[in-house]
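Results of the structural survey
If you want the building blocks of each chain, they are given just below.
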Amino acid sequence: FEWRSALQVFGHLQENDVADVIAYNATMTACGNAHQWTQVLQLFEELTATFTDSKWEAEETRGNLRAFTAAMDACKFAKKWALALLLFEQISE
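All of the points below concern the structure found in this document. (Residues numbered from 1 in each chain as written. Predicted model: local features only at pLDDT ≥ 70, side-chain atom pairs only at ≥ 80, totals over all residues. Heavy atoms only, no water.)

Observations regarding the overall build of the protein chain
Cut-off, in case you're wondering: Only DSSP runs of H or I with at least four residues qualify as helices, and only runs of E with at least two residues qualify as strands; both kinds are numbered from the N terminus onward. Whether a residue is buried, partly exposed or exposed follows from its accessible area with a 1.4 Å probe, protein chains only, as a fraction of its type maximum: under 20%, in between, or over 50%, in that order. Whether two residues are in contact is decided by their heavy atoms, any of which lying within 4.5 Å being enough. Areas reported here follow the Shrake-Rupley algorithm with a probe of radius 1.4 Å; residue values treat only the protein chains shown as occluding.
Counting secondary structure elements, the protein chain contains 6 helices and 0 strands. What you see in the protein chain, going N to C, is helices and strands ordered as α-α-α-α-α-α. When each of the 93 residues of the protein chain is scored for burial, the buried share is 31%. A fraction of 55% describes how many contacts in the protein chain between residues 6 or more apart in sequence connect residues 24 or more apart. Entry remark: accessible area of the protein chain is about 6200 Å², with carbon and sulfur atoms responsible for 53%.

Considerations on helix H1 (residues 2-15)
Definition in use: What a helix should span is 1.5 Å times the count of its residues minus one. The directions from the helix axis to the C-beta atoms form the arc being described.
Taking 1.5 Å of rise per residue, the 14 residues of H1 would be expected to cover 20 Å, and the 20 Å separating its terminal C-alpha atoms lies within 8% of that figure. Of all the positions in H1, only Trp 3, Ala 6 and Phe 10 are classed as buried. Projected down its long axis, H1 shows its buried positions confined to an angular sector of 55°, all on one face. Away from the buried face of H1 by more than 90 degrees, exposed residues Gln 8 and Glu 15 are located. Those residues of H1 that are buried are in contact with helix H2 (21-33) and helix H3 (37-50).

Keep in mind that these numbers describe shape and distance, not what the molecule does.
Below, the structure written as structure tokens:
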């Protein structure tokens, strides 16, 4: 149930407006490890909606890749192949 603890801590970070790409990635990884793919995809959607293009680009590239990888792994577990391909296309741009 580590994923629930991760979500709880992440919620506190969001409340204090300090959630960054690293916090999203850590939470997505915890949820992904517990096969909570719907949580991972929801977090990824929030991440991409929260960060504007300039702020997203300012974050560490490796962190962005981790977010996409976590989302693609979630798609794999959910058998959402079309969504995984869409994510792959986005990261290839």
